Amino acid sequence: MSQLDGEIAALQGAATHDLRIAWRRLCHGEPPRCMTRELMIHALAYRMQERIHAGLAPVTKRKLHSLVAEIEAKGIEAFDPGIVLKPGARLVREWAGQMHTVVVLENGFDYDGERYPSLSKIATRITGAHWSGPRFFGIKRTSSRPTPTEGPP
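The shown structure was predicted, so the numbers you read here are calculated from the model rather than taken from an experiment.

Draft legend 1. Local environment of the environment of Lys86. Here Lys86 shows up in the loop between α4 (58-74) and β1 (90-95). Residue classification places Lys86 among the exposed residues on the basis of a relative accessible area of 66%. The sequence separation of Lys86 and Val104 amounts to 18 residues, and the corresponding C-alpha distance is 6.7 Å.

Draft legend 2. α4, seen in detail. Look at α4: 24 Å from first C-alpha to last across 17 residues, which is about the 24 Å you get at 1.5 Å a residue. The positive-phi residue at the C-terminal boundary of α4 is Gly75, with phi of around 90°.

Draft legend 3. Layout of the sheet that holds strand β3 (residues 108-111). Ordered by their spatial adjacency, 4 strands build an open sheet running β1-β2-β3-β4, and the pairing between neighbours is antiparallel. The outermost strands of the open sheet, each flanked by one partner alone, are β1 and β4 (114-116). Taken over all neighbouring pairs, the strand axes of this sheet differ in orientation by 30° on average, direction set aside. In this structure, β3 lies alongside β4, joined through 3 bridges in antiparallel fashion.

Draft legend 4. Examining the pattern of salt bridges more closely. Counted by the stated rule, this structure contains 4 salt bridges. For the salt bridge of Glu30 with Arg24, the shortest nitrogen-to-oxygen distance reads 2.7 Å. For Arg24, a relative accessible area of 35% gives the class partly exposed. Glu114 is paired through a salt bridge with Arg125; the nearest N and O atoms lie 3.7 Å apart. Pair noted here: Glu114 is in strand β4 and Arg125 is in helix α5 (residues 119-127), with a separation of 11 residues, a long-range link. Using a relative accessible area of 42% as the deciding quantity, one classes Glu114 as partly exposed. By relative accessible area, Arg125 is classed as partly exposed at 38%.

Criteria and thresholds
Residues numbered from 1 in each chain as written. Predicted model: local features only at pLDDT ≥ 70, side-chain atom pairs only at ≥ 80, totals over all residues. Heavy atoms only, no water. Helix = DSSP H or I, 4+ residues; strand = E, 2+ residues; numbered from the N terminus. Buried < 20%, exposed > 50% of the residue type's maximum accessible area, 1.4 Å probe, protein only. Expected span 1.5 Å × (residues − 1). Pairing = 2+ DSSP bridges. Axes fitted to C-alpha atoms, helices over the stretch in contact; angles between N-to-C directions. Salt bridge = Lys/Arg side-chain N within 4 Å of Asp/Glu carboxyl O.

Here's what the structure looks like:
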């Protein structure tokens, strides 16, 4: 176990008073009053790792700042994560009497033992014509908010 691992593990057993002292030392300010003990432990552990491993890459920081600016300018409705598929998910579609199964990978898709960058390329291979991959596999965007014509569930 590294020294950092030991320091992070020790946070669980630390008194709340000691966690607040650690917060002041690492974050140069007071912890938010509404922050739970558990969240403070996670935030401190992240900050400790960030100091050792240099934190987020500059490109990630720029992307986050641009997302914040877009949300501040256009509102939360501007943020659309698009369709999110979890690695390991299987997509199944019947076409021309044959079942086709696609496995979602970390960065791409596996179909018939080959890796593809997009569902559209797979749909084109299956049908012989250009298709929207998400449409071909029946994937629809889900809205996290009800539209004005919808009521609560």
